[in-house]
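Structural overview
Here is how the chains run, residue by residue.
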Amino acid sequence: MITRQTSSSFFTFTCLSLAFLVISICLSLLRFRPTSLASQTLTLNPSLPNSTLPRPQAPRNYYIVRFLQYRLAEEHRGYLESGVPSDGWEWIERKNAAAKYPTDFGLVSIQEFAIERVVGEIGKLGLVKDVNVDLSYRRDLLWEEKRARARVGAFVDGKKRPGKIFTAMSFNEGEGDHHSAISNASVRWERQLLMQRSQVTSLFGADVLWSKGYTGAKVKMAIFDTGIRANHPHFRNIKERTNWTNEDTLNDNLGHGTFVAGVIAGGDAECLGFAPDTEIYAFRVFTDAQVSYTSWFLDAFNYAIATNMDVLNLSIGGPDYLDLPFVEKVWEITANNIIMVSAIGNDGPLYGTLNNPADQSDVIGVGGIDYSDHIASFSSRGMSTWEIPHGYGRVKPDVVAYGREIMGSKISTGCKSLSGTSVASPVVAGVVCLLVSVIPESSRKDILNPASMKQALVEGAAKLSGPNMYEQGAGRVDLLESFEILKNYQPRASIFPGVLDYTDCPYSWPFCRQSLYAGAMPVIFNATILNGMGVIGYVESQPIWHPSNNEGNLLSIHFTYSEVIWPWTGYLALHMQIKEEGSQFSGEIEGNVTLQVYSPPTQGEKGNRISTCVLHLKLKVIPTPARSKRVLWDQFHSIKYPPGYIPRDSLDVRNDILDWHGDHLHTNFHIMFNMLREAGYYVETLGSPLTCFDARQYGTLMLVDLEDEYFEEEIEKLRDDVISSGLGLAVFAEWYNVDTMVKMRFFDDNTRSWWTPVTGGANIPALNDLLAPFGIAFGDKILNGDFSIDGEQSRYASGTDIVRFPAGGFVHSFPFLDSSESGATQNVLLTSGMTKADSPILGLLDKGKGRIAVYGDSNCLDSSHMVTNCYWLLRKILEYTSGSIRDPVLFSDSVKQYTPLYVEDNQLPSRRTDVNFSTYSAVMGKELSCKRDSKYEIWGTKGYNLQVRGRKLPGYPFIDSGSLNSTGDTSNLRRPKLPVKNNGDSGNGYLGGLFNRDELDMPVLGASHWLVPAVVAVTGIMLFLGFWRIRQKRRRRRKGSGSGRFANL
């Protein structure tokens, strides 16, 4: 009896102790606040690195603190020191030419242990705008004498180089090989010395203006580059040289800045510049290693503002248009009436490769041409990608100029020939300096500004006969035509381009390739408003469509536009649809769109400045095509860099690992778009969820290289669309392997953060959810190899495999290498351990009334890094999905699947749990809503008769993202930033709210913080209750058995 009581007491004590321990753990977890270092909130992936990976030592912990007011640096310093009590930080004194002027930012160094605390304290101060990492720019000038050069960007052999993510903006010598970005083939360019040609200045007619006495006199030209040497014999008027780097020199030791200055203002007879009397202000913002930091640029920009520069040339650029301190300072530069000229980029002939800041509407972006008026192969192409995926890009470049084999000054003496958009940019900058000198100095600032100069350039440009608007902009710069425009210029507003003509092909590509018709998704044309009347302007009333005839009333246009135009520019987007009553109309519609803009009066004026802008439209309309010829392209579920680390689809491309070309029909899929049009298909773009289209109108929905998640409503609707409505479905997937993504992680020494891919080439777990109702799923292999179907050779490049497919379908398998364990782009591909096995890559299936085709690779459709195309396969797939035409080879009995392919759920690719995907997603944490590229009648709704049901994605913590529930078109394009308060600073109108929404504060207590403690708490309580119930039952049993024994006695 004593033993039983002792055991019982011990059991009770044990239960209580265990329950108390669990509850204590729970409480400690609830009290624990996850560490949120700046490296976490700044990184494109907030996850911490694994302890197994060594963390490289970054040399800098510098942060830019932006203030709401301009004050002397010492005043800002005193303000921070009085308001930030914590230790572990110090003010960095910047000893440069701008130190004597008021500034709007400071540079601080914060020790690693104090980053979170100090940044938080700084962010709470009332006069602080925000805090950002001091990003680094790196440009490689890899030209060598008499040798072929390879263009190198931010990544070499898959490894991140020091510096900010950038695209190669290097010069190429006039002699050497040209490397095609598509085929990797080398083409020998035979050098033709410029001495045997006319001077480039003569080709533009500069000598005509020289003869009139205009030589660039009293024009202040800021050249942001690698500096220039004093007393260079080619220059008459070097006014000032300033150094903004950490190197103690003013000289140009690379020759880059000297060459640029020579093109603009050189005086040597062999390499004349356009404006030899221009005052040169050389801003040395790059080191000898071609490295620069944002803080250097901000100081230099402030100094350019303080010293009243007239023109500024910047021959650098990169894909990151979300570097806010840099981008907003460029706005401030132009707002202070400094005309900025910048190179559009050397990433051609690829589309969607515009570089920032040349892609900004207030900057004159310059592309390159050769002497035959052909677009240079290296010149980047438009459209702008700021607005994608939920809008449509703007026309860029603005103009083009000669950029191949241009002569310029060497470092010390003599001339040399170079090529690149970095050459074309100073050509236009020289033209601008010459044009500025035409206007008397007393009235220059009243007439000339970034908008009026751009108006003169684009209106005077000579349109080239071959290239489209996203290759040439307005055309080749015409100095003399622009001179005539400026001579009699009166401040006004205008629209660029001023004409959209469907009969003008190829210039109006892609619009001229596909006529309008009733029932289609709206066709969006995004034009730029140029306001030469003032730095700020306002749209007085809604734009108006004025048709030229009755047929024009069949056109319905909805307008979105900048109500406030600043600085100097805004946007006007036309969402065009043909009304249902025009479903059988065939012909042309012509008319004008007018828009009235006004700006406040200048000094001495009593009333507002008012101007009416005109955009002329000439559109082709056809009867609505048959359903089988209509294809819908899903743009909504695409995610690109920036803001997230979205990796390249082909892992063989090791020097360009970011997916930043837009993944749009009219950017890196433009060749495929042209092929589909030639095949007789009409392709429309959907930038809204799958609930926002009527499946009965389309033969096939194309899902290509998609990275986002899907709403439950989308999954359910697509199932019904295929099975009940007969919609065809064509899916082109990509690789997805978590181990490979982990190995692709790198530490960025500039942002002091780990960058990890937020998904693979495509989001396979999300695609598998979408395809689950059809019994189809992709795996996590990364397959590479060549194969042939019916004599058509193709390359499978970093594609995935099919692991689930129903019986009765047709599946094609080939023996490929599986490189999923090779470490992708971070390590050299290993050959050991790779095995060749037959892997299913292509599946075709009838499902209900619809037909489905799935293929594991999209590189054969993407012109970015295509080895071989698979357009032949796409045509056969569309014939099947849209028209139920079965190719005898694709549907051979030898590939019929008599038993299903199947793997268990735990063998399917899983989502990463260490990535806050909602930061980049248009689905997670967002509300289901149809965007402005849907048909008008369903804008702002959830789609076709759907009700929203909340859900939690498997593998992801649910996050109530607050303001991120906005359905604004660009809400998902936000860059994760330091957790500082929002002071209501608004961005430029044409960005559609890109920079003026609330940030997601990463350290907030979300599901990932409270879910684990809550589960542990509940478990502890249930454990205690369970033990208590067992204890009670045992007591009752002992009591019952004891009474029985006593009764027997």
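So, a few notes on the structure that sits alongside this text. Since we're looking at a predicted model, the values are computed, not measured. (Residues numbered from 1 in each chain as written. Predicted model: local features only at pLDDT ≥ 70, side-chain atom pairs only at ≥ 80, totals over all residues. Heavy atoms only, no water.)

Let us now look at the overall build of the protein chain. When helices and strands are counted, the protein chain shows 20 helices and 43 strands. Put simply, the protein chain has 1049 residues, and 62% of those count as buried. For the protein chain, the share of sequence-separated contacts (at least 6 apart) that also reach a separation of at least 24 residues comes to 80%. Looking at the protein chain as shown, the accessible area adds up to about 38500 Å², and 51% of this sits on carbon and sulfur atoms. (Helix = DSSP H or I, 4+ residues; strand = E, 2+ residues; numbered from the N terminus. Buried < 20%, exposed > 50% of the residue type's maximum accessible area, 1.4 Å probe, protein only. Contact = heavy atoms within 4.5 Å. Areas by Shrake-Rupley, 256 points an atom, 1.4 Å probe, with all protein chains shown as cover.)

Examined against the element boundaries, Ala114 turns out to sit in the loop between β3 (103-110) and α4 (115-123). In this structure Ala114 comes out as buried when scored by relative accessible area, which is 0%. Each C-alpha atom of the pair Ala114 and Trp89 lies 7.5 Å from the other, and the pair is 25 residues apart in sequence. Contact partners of Ala114, with chain neighbours within four places excluded, come to Asp87, Gly88 and Val119.

Glancing now at the sheet that holds strand β28 (residues 569-578). Strands pair in a sheet through their backbones, by hydrogen bonds, and they do so in one of two ways: parallel or antiparallel. If you trace the 4 strands from one edge of the open sheet to the other, you get β21-β23-β28-β26, paired in antiparallel fashion. Each having just a single partner strand, β21 (493-496) and β26 (555-561) make up the two edges of the open sheet. Neighbour-to-neighbour, the strand axes of this sheet turn through a mean angle of 30°, independent of strand direction. Here helix α12 (residues 450-460) sits on the sheet and contacts β21 and β23 (523-531); the angle it forms with β23, its principal contact strand, is near 120°. (Pairing = 2+ DSSP bridges. Axes fitted to C-alpha atoms, helices over the stretch in contact; angles between N-to-C directions.)

We now examine the pairing of strand β29 (residues 587-599). Examined bridge by bridge, strand β24 (residues 537-539) and β29 share 2 bridges and lie antiparallel to one another. Counterpart to Tyr538 in the pairing with β29 is Tyr598. Here strand β25 (residues 544-547) runs beside β29; their pairing, made up of 4 bridges, is antiparallel. Across the sheet, Trp545 pairs through a bridge with Val593, a residue of β29. Here β29 pairs with strand β30 (residues 609-621) via 13 bridges, running antiparallel. In the strand pairing of β30, Val597 is matched with Ser611.

So yeah, pure geometry; function would need other evidence.
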